[in-house]
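# Architecture at a glance
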Amino acid sequence: MARHVVARASEIPPGARKLVQVNGRGVVVFNIKGEFFALSDQCPHKGASLSGGKLTGLVESGEPGAYNYSRAGEIVRCPWHGWEFDIRTGRSYCDPRRMRLMQFNVTVEPGANLVEGPYVAETFKVAVEDNYVVVEA
Amino acid sequence: MSGDWVGAIDCDMHPRVPNIAALRAHMSEYWSDTVELRGIEGFDTIAYPANAPLTVRPDWREGKPRPDEHAAGYAKAMLDPHKFGLAICNCLYAVQIIRDEYMAAAFATAVNAWVKTEWLDKDARLRASIVVPAQNPELAVEEIERWAPDSRFVQILFLVGGEQPLGQSRFWPIYRAAEKHGLTIGIHAGSNYLHAVTGSGWPSYYLEDYAAQSLAFHTQLGSLISEGVFVKFPKLKAVLIESGVTWIAPYLWRLTKFWRGVRNEVPWIDRSPLEFVRDHIRLTIQPFDAPAAGVEISRLMDLMQSDEMLLFASDFPHWQFDGDAMLPAGIDASLRKKILIDNPLAAYPRLGGRHAT
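### Here's the deal with the confidence of the model for chain B
All names here are of chain B. Within chain B, residue pLDDT values average 94, and 97% of them lie at 70 or more. When the criterion is pLDDT under 50, residues 353–357 qualifies, and its contacts beyond four places in sequence or with other chains add up to 7 contacts. Interface confidence in the predicted complex, given as ipTM, is 0.86; pTM for the same model is 0.92.

Below you can see the structure in the form of structure tokens.
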């Protein structure tokens, strides 16, 4: 397990997402209201890139005609077939047990900490005064 | 082989109203006179043309009255020789095609009274479906309330082909009444023919018409699930009668696949359509569509992840089988008992009830 510096935190403002490569694999990093989440970018259904999916909320219902909408912006819908994934857990709505995205630990670290290493940051110059998104994989 | 049927519950047999006089006897004076005055000879549809081979098996056409026209005829043909325990009468007299809702209601009442008098009261092994004027759900509920006190009525009968998909809220008063009384919803092949029987217009031949019935069952199953009928009425069970059975697995693959993509359109469907089907839908086993070489019925059970969905039915007097080959091949003794007895008892809460007199 290595720690990968994948982006400047300022590149992924709240509501945004960024597709990065970690160990040669696509990982999509989401920022939900300042919290970062990193998930495998590949939909387990047919392999579409989830980084291209629309964000939505969770709609639940106790009976026909009732729409309880919560957690706006915390669900990503696959751009190909519309499957919904909970960004906080990686689990699909329709088959949460079997159809889920791999999750990665993600943190935001000040550049000053990163100078110490060990980190994998081939594509970055780390500046002491910035914050960075770090994915463990 | 006859011992193999002991106690079986025949979940689909069809009493035939022999003539209009049989119904007039159960009508109010106004409606009885109206039938005479207007020269109404009766209501029948092209669903089962009188001389089509399927409509009545050759040996059941013999006799006057015909075996399907009186309780003793059915008893002699089926109940007695096979020692069935119970049988559910689904009278297909076509009240559904009558445009005048009040006349439809009057005919439905007459049909139900005829079934009670000439069938239920004549043989203690018989049960029946309530025929309703679904054209007007309020009148349908009145009809249900009329017969619900008699626990020998165990089901509410719809035709699969109607004006609107059956899941729509217009029909919910009927389901509310059904749930209240422990009545099962029965959806039988046939149509009121206000729409073409296919989604692409009228076919030319009877062959196509009968084969297309399963397409209407697709529509009704999709509607009942999508509209949330089983969310709203969680105790409700629906039986798909004379549907052909095996179409259901591929349709559920399709329904479930697209539900995964657009489920936020129907958020009350919070689990796979297959789960709703397992909990709420049952199918009668005649006819059973399978390849000529036979099918491993266990494979269908695997696909449905349930061995509780199939209900025994003869579909008497329709010609679905010869002799007593009433079940498809490949059913072992324990599954046979479930299909013949246990599953019907579970599908129809009222079968366990006592007679109301």
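### Some details on unusual backbone geometry
Residue and element names in this part refer to chain B. For the bond running from Gln286 to Pro287, omega is -5 degrees, close enough to zero to count as cis. Assignment of secondary structure puts Pro287 in the loop between β7 (281–284) and α12 (297–304). Of note in the backbone geometry, Gln305 takes a positive phi value of approximately 55 degrees without being a glycine. The topology assignment puts Gln305 in the loop between α12 and β8 (310–311).

### Here we look at the interface of chain A and chain B
Taken together, the contact between chain A and chain B spans 11 residues of the former and 11 residues of the latter. When the residues that make up the side of chain A that touches chain B are grouped by side-chain class, the tally is 6 nonpolar, 3 polar and 2 charged.

### Remarks on the packing of helix α4 (residues 101–120) of chain B against helix α5 (residues 137–147) of chain B
Residue and element names in this part refer to chain B. Put simply, α4 and α5 touch, their axes get as near as 10 Å, and they point 20 degrees apart. With respect to their mutual orientation, α4 and α5 come out roughly parallel. Two packed elements cross with a definite hand, and for α4 against α5 that hand is right-handed. Counted together, Glu101, Ala105, Ala108, Thr109 and Asn112 of α4 and Leu139, Glu143, Arg146 and Trp147 of α5 form the full contact between these two elements. For the contact of α4 with α5, the per-class residue count stands at 4 nonpolar, 2 polar and 3 charged.

### Description of the nonpolar core
By size, the foremost hydrophobic cluster in this structure holds 105 residues, and its most contacted members are Val111, Val132, Ile144, Ile174 and Leu311 of chain B. The dominant element in this core, judged by the number of residues it contributes, is α4 of chain B, at 11 residues. Ile174 of chain B has contacts with Val132, Pro137, Ala140, Val141, Ile144 and Ile156 of chain B, leaving out every residue within four places of it along the chain. Counting residues in hydrophobic clusters, the runner-up holds 29 residues, among them Val20, Val29, Ala38 and Ile75 of chain A.

### Points about helix α8 (residues 213–226) of chain B
Since there are 3.6 residues in each turn of an α-helix, residues three or four apart along the chain are aligned in direction. Residues and elements named next belong to chain B. Between its first and last C-alpha atoms α8 spans 20 Å; for 14 residues at 1.5 Å apiece the expected length is 20 Å, and the two agree. Every buried residue belonging to α8 is among Gln213, Ser214, Ala216, Phe217, Gln220, Leu221, Leu224, Ile225 and Ser226, and all of these are buried. Directly after α8, the chain includes Gly228, whose backbone phi takes a positive value near 85 degrees.

### Details of the sheet that holds strand β4 (residues 35–40) of chain A
Residues and elements named next belong to chain A. On the basis of which strands lie adjacent, the open sheet formed by 4 strands has the order β2-β3-β4-β8 and antiparallel pairing. One side of each edge strand has no neighbouring strand; the edge strands of this open sheet are β2 (17–22) and β8 (103–104). Here 6 bridges tie strand β3 (residues 25–32) to β4, and the two strands are oriented antiparallel to one another. Counted as the bridge partner of Val27 is Ser40 from β4.

### Observations regarding the sheet that holds strand β2 (residues 86–89) of chain B
All names here are of chain B. Read across the sheet, 8 strands follow the order β1-β2-β3-β4-β5-β6-β7-β8 without closing on themselves; strand pairing throughout is parallel. A single partner strand is all that each edge strand has here, and the edge strands are β1 (9–13) and β8. Lying over the sheet, α8 contacts β4 (153–161), β5 (184–191), β6 (238–241) and β7, oriented at roughly 115 degrees with respect to β4.

### What about the packing of α5 of chain B against helix α6 (residues 172–181) of chain B?
Residues and elements named next belong to chain B. Interhelical geometry of α5 versus α6 gives an angle of 15 degrees and a closest axis separation of 8 Å. When the axis of α5 is compared with that of α6, the two are roughly parallel. Seen along the crossing, α5 lies across α6 with a hand that is right-handed. Here Pro137, Glu138, Ala140, Val141, Ile144 and Glu145 of α5 come into contact with α6, specifically with Pro173, Ile174 and Ala177. Classifying every residue of the contact of α5 with α6 gives 7 nonpolar, no polar and 2 charged.

Cut-offs used in this document
Residues numbered from 1 in each chain as written. Chains lettered and ligands numbered in written order. Predicted model: local features only at pLDDT ≥ 70, side-chain atom pairs only at ≥ 80, totals over all residues. pLDDT = per-residue confidence, 0-100. Contact = placed C-beta atoms within 7 Å. Helix = DSSP H or I, 4+ residues; strand = E, 2+ residues; numbered from the N terminus. Nonpolar A, V, L, I, M, F, W, Y, C, P; charged D, E, K, R; others polar. Axes fitted to C-alpha atoms, helices over the stretch in contact; angles between N-to-C directions. Parallel < 35°, antiparallel > 145°, perpendicular 65-115°, else oblique. Left-handed = near helix turned anticlockwise from the far one by under 90°. Core = buried A, V, L, I, M, F, W, Y, C linked by C-beta atoms within 7 Å. Buried ≥ 20, exposed ≤ 12 C-beta atoms within 10 Å, placed from the backbone. Expected span 1.5 Å × (residues − 1). Pairing = 2+ DSSP bridges.

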